[in-house]
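Each chain, letter by letter, is given below.
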Amino acid sequence: DAMVIQNPRYQVTQFGKPVTLSCSQTLNHNVMYWYQQKSSQAPKLLFHYYDKDFNNEADTPDNFQSRRPNTSFCFLDIRSPGLGDAAMYLCATSRDGLTLSYEQYFGPGTRLTVT
Amino acid sequence: AQSVTQPDIHITVSEGASLELRCNYSYGATPYLFWYVQSPGQGLQLLLKYFSGDTLVQGIKGFEAEFKRSQSSFNLRKPSVHWSDAAEYFCAASGSARQLTFGSGTQLTVLP
(Lines give C-alpha, C1' and ligand atoms only; values in the text may rest on other atoms or scores of the structure.)
Protein backbone atom coordinates (compact mmCIF):
# COMPACT_ATOMS: atom_id res chain seq x y z
CA ASP A 1 0.00 0.00 0.00
CA ALA A 2 1.11 3.53 -0.71
CA MET A 3 2.03 5.25 2.47
CA VAL A 4 4.11 7.69 4.48
CA ILE A 5 6.86 6.05 6.51
CA GLN A 6 8.80 7.59 9.36
CA ASN A 7 11.97 6.24 10.88
CA PRO A 8 12.72 5.73 13.61
CA ARG A 9 9.43 5.58 15.50
CA TYR A 10 11.21 6.44 18.73
CA GLN A 11 14.41 8.43 19.01
CA VAL A 12 16.37 9.33 22.11
CA THR A 13 19.06 11.95 21.86
CA GLN A 14 21.18 13.88 24.29
CA PHE A 15 20.88 17.57 24.95
CA GLY A 16 22.80 19.40 22.23
CA LYS A 17 23.53 16.29 20.14
CA PRO A 18 22.37 16.64 16.53
CA VAL A 19 19.63 14.30 15.42
CA THR A 20 18.01 13.50 12.09
CA LEU A 21 14.53 12.16 11.55
CA SER A 22 13.53 10.67 8.25
CA CYS A 23 10.38 10.44 6.22
CA SER A 24 9.70 8.59 3.00
CA GLN A 25 6.60 8.29 0.87
CA THR A 26 5.39 6.01 -1.85
CA LEU A 27 2.49 8.26 -2.83
CA ASN A 28 4.55 10.31 -5.29
CA HIS A 29 3.15 13.47 -3.75
CA ASN A 30 4.88 16.71 -4.59
CA VAL A 31 4.42 18.36 -1.21
CA MET A 32 5.95 17.18 2.06
CA TYR A 33 5.45 18.72 5.49
CA TRP A 34 7.04 18.49 8.91
CA TYR A 35 4.97 19.13 12.02
CA GLN A 36 5.90 19.26 15.66
CA GLN A 37 3.28 18.03 18.11
CA LYS A 38 3.73 18.40 21.84
CA SER A 39 1.66 16.51 24.35
CA SER A 40 -2.06 17.31 24.23
CA GLN A 41 -1.54 19.96 21.57
CA ALA A 42 -2.39 20.30 17.92
CA PRO A 43 0.33 19.70 15.34
CA LYS A 44 2.36 22.80 14.54
CA LEU A 45 3.74 23.22 11.04
CA LEU A 46 7.50 23.70 10.96
CA PHE A 47 8.09 23.85 7.21
CA HIS A 48 7.14 22.24 3.96
CA TYR A 49 8.53 21.48 0.53
CA TYR A 50 6.57 22.15 -2.62
CA ASP A 51 8.65 20.02 -4.97
CA LYS A 52 12.14 21.36 -4.21
CA ASP A 53 10.89 24.71 -3.04
CA PHE A 54 11.49 25.02 0.71
CA ASN A 55 9.01 27.02 2.78
CA ASN A 56 9.85 27.82 6.36
CA GLU A 57 7.23 28.99 8.87
CA ALA A 58 8.10 32.33 10.36
CA ASP A 59 8.26 31.04 13.93
CA THR A 60 10.24 27.87 13.26
CA PRO A 61 13.50 28.07 15.23
CA ASP A 62 16.77 28.14 13.28
CA ASN A 63 17.71 24.99 15.17
CA PHE A 64 15.41 23.08 12.82
CA GLN A 65 16.49 22.38 9.27
CA SER A 66 15.19 20.15 6.51
CA ARG A 67 16.43 18.42 3.40
CA ARG A 68 14.59 16.85 0.52
CA PRO A 69 17.05 15.03 -1.74
CA ASN A 70 14.32 13.62 -3.97
CA THR A 71 10.55 13.31 -4.25
CA SER A 72 10.34 10.33 -1.94
CA PHE A 73 12.47 11.40 0.99
CA CYS A 74 12.52 14.29 3.41
CA PHE A 75 14.69 14.75 6.51
CA LEU A 76 14.31 16.85 9.62
CA ASP A 77 17.57 17.90 11.23
CA ILE A 78 17.67 19.30 14.74
CA ARG A 79 21.12 20.81 15.12
CA SER A 80 21.23 21.22 18.90
CA PRO A 81 18.21 19.67 20.56
CA GLY A 82 16.99 21.22 23.75
CA LEU A 83 14.68 19.74 26.34
CA GLY A 84 11.87 21.80 24.83
CA ASP A 85 12.25 20.01 21.52
CA ALA A 86 11.00 16.74 22.95
CA ALA A 87 7.84 16.05 20.99
CA MET A 88 6.19 13.91 18.36
CA TYR A 89 7.35 14.86 14.87
CA LEU A 90 4.89 14.17 12.10
CA CYS A 91 5.61 14.02 8.42
CA ALA A 92 2.79 14.53 5.94
CA THR A 93 2.38 14.66 2.19
CA SER A 94 -0.15 16.04 -0.21
CA ARG A 95 -0.61 15.83 -3.95
CA ASP A 96 -0.84 19.53 -4.63
CA GLY A 97 -0.06 22.21 -2.12
CA LEU A 98 -1.00 25.33 -3.99
CA THR A 99 -4.48 25.57 -2.55
CA LEU A 100 -4.39 22.62 -0.18
CA SER A 101 -7.48 21.33 -1.90
CA TYR A 102 -6.05 17.88 -1.44
CA GLU A 103 -5.84 16.36 1.99
CA GLN A 104 -2.62 15.66 3.79
CA TYR A 105 -1.54 12.10 4.48
CA PHE A 106 0.32 11.64 7.74
CA GLY A 107 3.00 9.23 8.78
CA PRO A 108 2.92 7.49 12.19
CA GLY A 109 5.31 10.02 13.69
CA THR A 110 8.64 9.88 15.48
CA ARG A 111 8.61 10.38 19.24
CA LEU A 112 11.74 12.33 20.17
CA THR A 113 13.07 12.26 23.71
CA VAL A 114 15.87 14.58 24.78
CA THR A 115 17.88 13.57 27.83
CA ALA B 1 -6.84 35.77 11.59
CA GLN B 2 -7.77 32.31 10.45
CA SER B 3 -8.67 29.95 13.25
CA VAL B 4 -10.35 26.69 14.09
CA THR B 5 -12.02 26.20 17.45
CA GLN B 6 -12.92 22.96 19.13
CA PRO B 7 -14.78 24.03 22.27
CA ASP B 8 -14.71 20.65 23.99
CA ILE B 9 -11.33 19.55 25.29
CA HIS B 10 -12.60 16.22 26.55
CA ILE B 11 -15.82 14.29 25.92
CA THR B 12 -16.91 11.05 27.57
CA VAL B 13 -19.64 8.86 26.10
CA SER B 14 -20.86 5.35 26.74
CA GLU B 15 -20.35 2.69 24.12
CA GLY B 16 -23.35 2.61 21.81
CA ALA B 17 -24.30 6.21 22.51
CA SER B 18 -24.34 8.87 19.85
CA LEU B 19 -21.52 11.35 19.50
CA GLU B 20 -21.14 14.90 18.29
CA LEU B 21 -17.84 16.79 18.31
CA ARG B 22 -18.01 20.48 17.66
CA CYS B 23 -15.85 22.54 15.35
CA ASN B 24 -16.10 26.19 14.41
CA TYR B 25 -13.94 28.03 11.95
CA SER B 26 -13.11 31.63 11.28
CA TYR B 27 -11.97 32.27 7.72
CA GLY B 28 -12.47 34.99 5.15
CA ALA B 29 -14.19 32.56 2.79
CA THR B 30 -15.39 29.01 3.12
CA PRO B 31 -12.28 26.93 3.67
CA TYR B 32 -11.63 23.32 2.93
CA LEU B 33 -12.55 21.40 6.09
CA PHE B 34 -11.22 18.17 7.50
CA TRP B 35 -11.57 15.87 10.48
CA TYR B 36 -8.61 13.77 11.55
CA VAL B 37 -8.36 11.14 14.27
CA GLN B 38 -5.22 10.32 16.23
CA SER B 39 -4.81 7.24 18.39
CA PRO B 40 -2.18 7.36 21.15
CA GLY B 41 1.34 7.39 19.75
CA GLN B 42 0.11 7.37 16.18
CA GLY B 43 -0.11 9.76 13.27
CA LEU B 44 -3.26 11.44 12.05
CA GLN B 45 -5.79 9.59 9.95
CA LEU B 46 -8.25 11.46 7.77
CA LEU B 47 -11.87 10.69 8.65
CA LEU B 48 -13.59 12.94 6.13
CA LYS B 49 -13.31 16.19 4.22
CA TYR B 50 -15.52 18.92 2.81
CA PHE B 51 -14.61 20.90 -0.26
CA SER B 52 -17.97 21.91 -1.72
CA GLY B 53 -21.37 20.51 -2.67
CA ASP B 54 -23.45 18.36 -0.35
CA THR B 55 -23.12 19.75 3.15
CA LEU B 56 -23.46 16.34 4.78
CA VAL B 57 -20.23 14.44 4.30
CA GLN B 58 -19.75 10.75 4.92
CA GLY B 59 -16.43 9.46 6.13
CA ILE B 60 -14.75 6.30 7.25
CA LYS B 61 -15.57 4.28 10.36
CA GLY B 62 -19.21 5.37 10.30
CA PHE B 63 -18.49 9.06 10.88
CA GLU B 64 -20.25 11.94 9.17
CA ALA B 65 -19.98 15.71 9.39
CA GLU B 66 -22.29 18.53 8.49
CA PHE B 67 -21.10 21.85 7.12
CA LYS B 68 -23.25 24.79 8.21
CA ARG B 69 -22.17 28.02 6.60
CA SER B 70 -24.52 30.17 8.70
CA GLN B 71 -22.93 28.86 11.90
CA SER B 72 -19.37 28.51 10.56
CA SER B 73 -19.43 25.00 11.89
CA PHE B 74 -18.36 21.56 10.77
CA ASN B 75 -19.46 19.17 13.51
CA LEU B 76 -18.52 15.51 13.49
CA ARG B 77 -21.13 12.90 14.35
CA LYS B 78 -21.46 9.19 14.83
CA PRO B 79 -24.76 7.48 15.71
CA SER B 80 -23.26 4.70 17.81
CA VAL B 81 -19.80 4.90 19.32
CA HIS B 82 -17.53 1.87 19.61
CA TRP B 83 -14.80 1.43 22.23
CA SER B 84 -12.22 1.59 19.44
CA ASP B 85 -13.30 5.17 18.68
CA ALA B 86 -11.53 6.40 21.81
CA ALA B 87 -8.87 8.76 20.47
CA GLU B 88 -8.13 12.43 19.90
CA TYR B 89 -10.03 14.18 17.15
CA PHE B 90 -8.76 17.21 15.29
CA CYS B 91 -10.76 19.52 13.10
CA ALA B 92 -8.70 21.35 10.49
CA ALA B 93 -9.18 23.91 7.76
CA SER B 94 -7.25 25.34 4.87
CA GLY B 95 -7.85 28.35 2.67
CA SER B 96 -5.87 29.75 -0.19
CA ALA B 97 -2.61 29.71 1.75
CA ARG B 98 -0.57 26.56 1.75
CA GLN B 99 -1.24 25.77 5.38
CA LEU B 100 -3.52 23.55 7.40
CA THR B 101 -4.92 25.15 10.55
CA PHE B 102 -5.78 22.69 13.28
CA GLY B 103 -8.13 23.03 16.19
CA SER B 104 -6.78 22.20 19.61
CA GLY B 105 -8.35 18.74 19.56
CA THR B 106 -11.03 16.88 21.48
CA GLN B 107 -10.10 13.82 23.50
CA LEU B 108 -12.83 11.17 23.35
CA THR B 109 -13.21 8.61 26.12
CA VAL B 110 -15.61 5.71 25.61
CA LEU B 111 -17.06 4.00 28.67
CA PRO B 112 -17.93 0.30 28.48
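Scroll up to find the structure this text is about.
The structure reproduced in this document is the subject of the present report.

Here is what the cut-offs are and how they apply
- Residues numbered from 1 in each chain as written.
- Chains lettered and ligands numbered in written order.
- Predicted model: local features only at pLDDT ≥ 70, side-chain atom pairs only at ≥ 80, totals over all residues.
- Heavy atoms only, no water.
- Disulfide = S-S within 2.5 Å.
- Helix = DSSP H or I, 4+ residues; strand = E, 2+ residues; numbered from the N terminus.
- Buried < 20%, exposed > 50% of the residue type's maximum accessible area, 1.4 Å probe, protein only.
- Pairing = 2+ DSSP bridges.
- Axes fitted to C-alpha atoms, helices over the stretch in contact; angles between N-to-C directions.
- Contact = heavy atoms within 4.5 Å.
- Buried area = accessible area lost by both parts, 1.4 Å probe.
- Salt bridge = Lys/Arg side-chain N within 4 Å of Asp/Glu carboxyl O.
- Polar contact = N/O pair within 3.5 Å; in protein donor to acceptor, adjacent residues only side chain to side chain.
- 1 Å grid on protein atoms, 1.4 Å probe; cavity = no way out; pocket = protein on both sides within 12 Å on 5 of 7 lines; lining within 4 Å.
- Points joined across faces, edges and corners; volume = space filled by probe spheres on them.
- Nonpolar A, V, L, I, M, F, W, Y, C, P; charged D, E, K, R; others polar.
- Phe/Tyr/Trp six-rings, centres within 6.5 Å; stacked < 30°, edge-to-face > 60°.

This part covers the state of the cysteines. Residue and element names in this part refer to chain A. Following the criterion strictly, the structure yields two disulfides over all chains and no others. Residue Cys23 pairs covalently with Cys91 via a disulfide, S to S 2.0 Å. One disulfide, between Cys23 and Cys91, carries an S-S torsion of -75 degrees and so falls in the left-handed class. Highlighted residues: Cys23 in strand β3 (residues 19–25) and Cys91 in strand β9 (residues 87–94), separated in sequence by 68 residues. Overall, Cys23 belongs to the buried group, its relative accessible area being 1%. Under the relative-accessibility criterion, Cys91 is labelled buried at 0%.

So, about the sheet that holds strand β7 (residues 64–67) of chain A. Residues and elements named next belong to chain A. With antiparallel pairing, the four strands of this open sheet are ordered in space as β1-β3-β8-β7. Strand pairing shows two members of the sheet lacking a second neighbour, β1 (4–7) and β7, which therefore form its edges. The sheet shows a mean angle of 20 degrees between the axes of neighbouring strands, direction not considered. Sheet topology note: the β3/strand β8 (residues 73–78) ladder contains six bridges and is antiparallel. Paired with Ser24 across the bridge in β8 is Phe73.

Before going further, it helps to examine the interface of chain A and chain B. If you look at the interface, chain A gives 24 residues, while chain B gives 22 residues. In total, chain A and chain B occlude about 1,800 Å² of area from one another, counting both sides; carbon and sulfur atoms represent 53% of this. Inspection of the region where chain A meets chain B yields one salt bridge. Lys49(B) is the partner of Glu103(A) in a salt bridge, and the nearest nitrogen-oxygen pair spans 2.8 Å. The interface formed by chain A and chain B contains five residue pairs in polar contact (both at pLDDT 80 or more).

With that settled, the discussion passes to the pairing of strand β8 (residues 64–68) of chain B. Residues and elements named next belong to chain B. When strand β7 (residues 56–58) meets β8, the two strands line up antiparallel, connected through three bridges. Among the inter-strand pairings, Gln58 is bridged to a residue of β8, identified as Glu64. Joining the antiparallel neighbours β7 and β8 is a turn of five residues, in which Lys61 adopts a positive phi near 60 degrees. Both β8 and strand β9 (residues 73–78) contribute to a ladder of five bridges, which runs antiparallel. The partner of Lys68 across the bridge, within β9, is Ser73. If you look at the hairpin formed by β8 and β9, you'll find four residues sitting between the two strands, and Ser72 has a positive phi there, around 50 degrees.

What follows is about the layout of surface pockets. By volume, the largest pocket is sized at about 410 Å³. Lining the largest pocket we find 25 residues, and of these Phe106(A), Gly43(B), Leu44(B), Gln45(B) and Leu46(B) sit closest to its centre. Sorting the residues of the lining of the largest pocket by element identifies β10 (105–106) of chain A together with β5 (32–38), β6 (44–50) and β10 (87–94) of chain B as the ones contributing at least two each. Ranked by the residues each element gives to the lining of the largest pocket, the list is headed by β6(B), at three residues. Residue classes in the lining of the largest pocket are distributed as 15 nonpolar, six polar and four charged. Taken as a whole, the second largest pocket holds about 340 Å³ of empty space. Along the wall of the second largest pocket there are 18 residues; nearest its centre are Gln37(A), Ser40(A), Gln38(B), Glu88(B) and Gln107(B).

Residues and elements named next belong to chain B. Considering all chains together, one arrives at 18 aromatic pairs over all chains under this definition. Centre to centre, the rings of Tyr50 and Phe67 are 4.5 Å apart; their planes meet at 20 degrees, and the pair counts as stacked. Of this pair, Tyr50 sits in strand β6 while Phe67 sits in strand β8, and the two are 17 residues apart along the sequence. Both residues of the pair, Tyr50 and Phe67, belong to the buried class.

A few words now on the pairing of β7(A). For a regular strand, side-chain orientation follows a simple rule: the groups alternate between the two sheet faces. Residues and elements named next belong to chain A. Alternating positions in β7 separate cleanly, Phe64 and Ser66 being buried on one face and Gln65 and Arg67 remaining unburied on the opposite face. Both β7 and β8 contribute to a ladder of four bridges, which runs antiparallel. Of the residues in β8, the one forming a bridge with Ser66 is Leu76. Linking two consecutive strands that pair antiparallel, namely β7 and β8, is a turn of five residues.

These figures capture arrangement, not role.
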